[in-house]
Amino acid sequence: MGKVRKAPENFVRPDEAGTVFAEARAGRRDFIRGAFAAAATAVAANAQAQQAAAGEGDPNILELPAHSKGLGQPVVTDGYGKPSKYEANVQRRQSPGLTQTKQASVSFAPLQSLFGIVTPSGLHFERHHQGWWDIDPSKHRLMINGLVKNPKVFTMDEIMRLPAVSRFHFIECGANTGMEWGNVAVPTVQYTHGMLSCSEFTGVPLITLLEMAGADLKKGKFILAEGADGSSMTRTIPVELITSGEVLVAYGQNGEMLRPEQGYPLRLVVPGVQGVSWVKYLRRIEVGDMPYAAKDEAIHYVDLMPDGQHRQYTSIQECKSVVTTPSGGQILLDQGFYNITGLAWSGRGKVKRVDVSVDGGRNWRTARLEGPVMSKCLTRFNLDWVWNGEECIIQSRAMDETGYVQPSYQQLRAVRGARSIYHNNAIQSWAVRANGEVANVQLA
Ligand SMILES: Nc1nc2c(c(=O)[nH]1)N[C@H]1C(S)=C(S)[C@@H](COP(=O)(O)O)O[C@H]1N2
Ligand SMILES: [Mo]
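Residues numbered from 1 in each chain as written. Chains lettered and ligands numbered in written order. Predicted model: local features only at pLDDT ≥ 70, side-chain atom pairs only at ≥ 80, totals over all residues. Heavy atoms only, no water.

Novice: Looking at this structure, how should I read the site of ligand 1?
Specialist: Around ligand 1 lies a shell of 22 residues, among which F125, H129, D229, R267 and K280 are the nearest. Contact distances for ligand 1 include 3.3 Å between an oxygen atom and a side-chain N or O atom of H124. Interatomic distance of 3.5 Å between a side-chain N/O atom of S231 and a nitrogen atom of ligand 1. Among the residues making up the shell around ligand 1, the classes are represented as 9 nonpolar, 7 polar and 6 charged. (Near = heavy atom within 4 Å. Polar contact = N/O pair within 3.5 Å; in protein donor to acceptor, adjacent residues only side chain to side chain. Nonpolar A, V, L, I, M, F, W, Y, C, P; charged D, E, K, R; others polar.)

As structure tokens, this is what we get:
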């Protein structure tokens, strides 16, 4: 079985990660080897295990470890669980490709270390336009006004006694993979695709609250959602998404209350739509008869097109996928069998198929989709692969239930130009070098 050495951020300290990548970009490979020293111990252990399998003495089998003999840790009676100390480097991190500021405003989920489709809440990516808050739920209010018969103000208690639903959905920042437009090859999948997370959200369909307020949904074609933080985050959402029952006023995430970073105690869940519309610290919904052209949709979150004009209100996250192993920064330590694995998603419904190429897009094989495949939710795919030790380029290409196929960079740039920031859903390429190193590349 082939072995994969983990990406650097899995075993260097967060404050070192930026340096490692800067050195790597400057071509100083020796520094990288140094940082990989910790992982080398694990490799040595593996070699020992192989010897043992061949009948030689492996102390990890022959010697009884302390944990099989003594008394274990007592139950922490007032505790909240934590991951193993051996997983301490699996963290959300700031991208080394971004300007480092005193107050970071974005962190990326470590996709290279995650399994299945659910993002652990403590590793959910973050994007704060004006910092995050831990708001007292007893003081939090949600107002519904505008084109409604009975304007209403809800307390959290009032919202939490209403009929609730729980649904799995992905959230992706519209700027995810944005640096690749400018060919800034950030080193790992955490930074190319990590403004992406997926959770089970629990809450009340927004339509329930609008009906309670007697919203006029004949005249009222749009709503404005407003957050309670200093960013004055306001976004227009078309009413069709709400009448379908999909948009949720959510308080729950993965079985517990939302985390403060994710908008505690209340956030909007707008399945399939870019992250910015998932307003956190949600405090007001206004029903109106036209789009609001708020700052975060009139001048920000617009797509610069090749003719110099900007496209507005392009909020659906189109079908996209990425291979998470093998991916940038990881190293294949020997030839042989590997499980290629990754994630696929579509803002328009279910993922229908994912094809994987190991020769830069000349030939494609269809990957296994791991169920359940849910609408507007991450889908995990896997494919068996035997690496023959030669250089190759690994890609994945997803198709959704509408028949839409994820584009190549050539196809994307033909329509969108090269100077955009948002909505890059192009096929990602990872080059495997003959020495096993995996790197982020773009095919012309
Ligand atoms: N109130 C408020 N809502 C917000 C934001 C914000 O800064 N304030 N950021 C938006 C952006 S740009 C994104 S991508 C998502 C990020 O959600 P997360 O931090 O839970 O990952 O929240 C959105 N909702
Ligand atoms: Mo965002």
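Still more ground to cover, so stick around.
Novice: Help me understand the packing of aromatic side chains, please; the structure alone is not making it clear to me.
Specialist: Under the defined criterion, the tally for this structure stands at 5 aromatic pairs. On the numbers, 5.8 Å between centres and 75° between planes, the contact of F108 with Y191 is edge-to-face. A residue pair is termed long-range when its members are at least 10 positions apart, and F108 in the loop between strand 2 (106-107) and strand 3 (126-127) and Y191 in helix 6 (residues 189-193) qualify at 83 residues. Residue class for Y191 comes out buried when judged on its relative accessible area of 3%. The positively charged end of R397 is found above the aromatic ring belonging to W364, 4.1 Å away from the centroid. (Phe/Tyr/Trp six-rings, centres within 6.5 Å; stacked < 30°, edge-to-face > 60°. Helix = DSSP H or I, 4+ residues; strand = E, 2+ residues; numbered from the N terminus. Buried < 20%, exposed > 50% of the residue type's maximum accessible area, 1.4 Å probe, protein only. Lys NZ or Arg CZ within 6 Å of the ring centre and 35° of its normal.)

Novice: Looking at this structure, I do not really get the pairing of strand 8 (residues 222-227). What am I missing?
Specialist: One face of the sheet, then the other: side chains in a regular strand alternate in exactly this way. Burial runs high along strand 8: 5 of the 6 residues are buried. Of the strand pairs in this sheet, strand 8 and strand 13 (residues 282-288) are connected by 6 bridges, and their pairing is antiparallel. Looking at the pairing, G227 lines up with L282 of strand 13. (Pairing = 2+ DSSP bridges.)

Novice: Please clarify how the environment of Y264 should be interpreted in this entry.
Specialist: Secondary-structure assignment places Y264 in the loop between strand 11 (256-257) and strand 12 (267-269). Classification of Y264 as buried rests on a relative accessible area of 17%. For the pair formed by Y264 and L71, sequence separation is 193 residues and the distance between their alpha carbons is 39 Å. Every residue in contact with Y264, bar those within four places of it in the chain, is listed here: D134, I135, P137, M257, L258, R259 and Y281. (Contact = heavy atoms within 4.5 Å.)

Novice: I tried to follow the nonpolar core on my own but got confused; where do I start?
Specialist: Soluble globular proteins tend to bury their nonpolar side chains together. Formed by 82 residues in total, the largest nonpolar core has its most connected members in L142, L206, I223, L268 and I285. Residue contributions to this core peak at 5 residues, all from strand 18 (residues 336-345). The contact partners of L206, leaving out residues within four places of it in the chain, are I223, I242, V247, L248, V249, L268 and I285. (Core = buried A, V, L, I, M, F, W, Y, C linked by side-chain atoms within 4.5 Å.)

Novice: What am I meant to see in the sheet that holds strand 22 (residues 379-387) here?
Specialist: Pairing between the strands of a sheet comes from backbone hydrogen bonds, and it takes one of two forms, parallel or antiparallel. Spatial ordering of the open sheet is given by 16-18-22-21, a layout of 4 strands whose pairing is antiparallel. Whereas interior strands pair on both sides, the edge strands pair on one side only; in this sheet they are strand 16 (320-325) and strand 21 (368-370). Strand after strand, the sheet turns through a mean of 30° between neighbouring axes, direction not considered. Bridge analysis of strand 18 against strand 22 gives 9 bridges, and the strand direction is antiparallel. Within strand 22, the residue paired with N339 across the bridge is D384. (Axes fitted to C-alpha atoms, helices over the stretch in contact; angles between N-to-C directions.)

Novice: Would you explain the sheet that holds strand 5 (residues 152-155) in this entry?
Specialist: Strands sit in the order 5-4-13-8-9 across an open sheet of 5 strands; the sheet is mixed. Each having just a single partner strand, strand 5 and strand 9 (234-238) make up the two edges of the open sheet. Within the sheet, the average angular offset between the axes of one strand and its neighbour, ignoring direction, is 20°.

Novice: What is the right way to look at the pattern of salt bridges in this model?
Specialist: One side chain can pair with another of opposite charge once the charged atoms of both are near each other. For the structure shown, the criterion picks out 19 salt bridges. Residue K139 pairs with D136 through a salt bridge whose shortest N-O separation is 3.8 Å. A relative accessible area of 65% places K139 in the exposed class. The partly exposed category is assigned to D136, whose relative accessible area is 35%. For K376, the salt bridge goes to E246, with nearest N and O atoms at 2.8 Å. Residue K376 is located in the loop between strand 21 and strand 22, and its partner E246 is located in the loop between helix 8 (239-243) and strand 10 (248-253); the two are separated by 130 residues in the primary sequence. A single salt-bridge network, built from bridges that share partners, covers E226, R283, R284 and E286. (Salt bridge = Lys/Arg side-chain N within 4 Å of Asp/Glu carboxyl O.)

Novice: Whenever I open this one, unusual backbone geometry confuses me. Can you help?
Specialist: The phi angle of most residues is negative, glycine excepted, and most peptide bonds adopt the trans form. Of note, the amide linkage connecting Y264 to P265 takes the cis form, showing an omega dihedral of 10°. Locating P265 in the fold gives a position in the loop between strand 11 and strand 12. Cis geometry is found at the peptide bond from G371 to P372, where omega equals -5°. Take P372: it is sitting in the loop between strand 21 and strand 22. A positive phi is found at N254, a non-glycine position, where the angle reads about 50°. Locating N254 in the fold gives a position in the loop between strand 10 and strand 11. N254 gets classed as partly exposed once you look at its relative accessible area, which sits at 24%.

Novice: I tried to follow the pairing of strand 25 (residues 438-441) on my own but got confused; where do I start?
Specialist: Of the strand pairs in this sheet, strand 24 (residues 429-432) and strand 25 are connected by 4 bridges, and their pairing is antiparallel. Bridge pairing in strand 25 places A431 opposite A439. Counting the residues that bridge the hairpin from strand 24 to strand 25 gives 5 residues, and of these G436 lies at a positive phi of roughly 95°.

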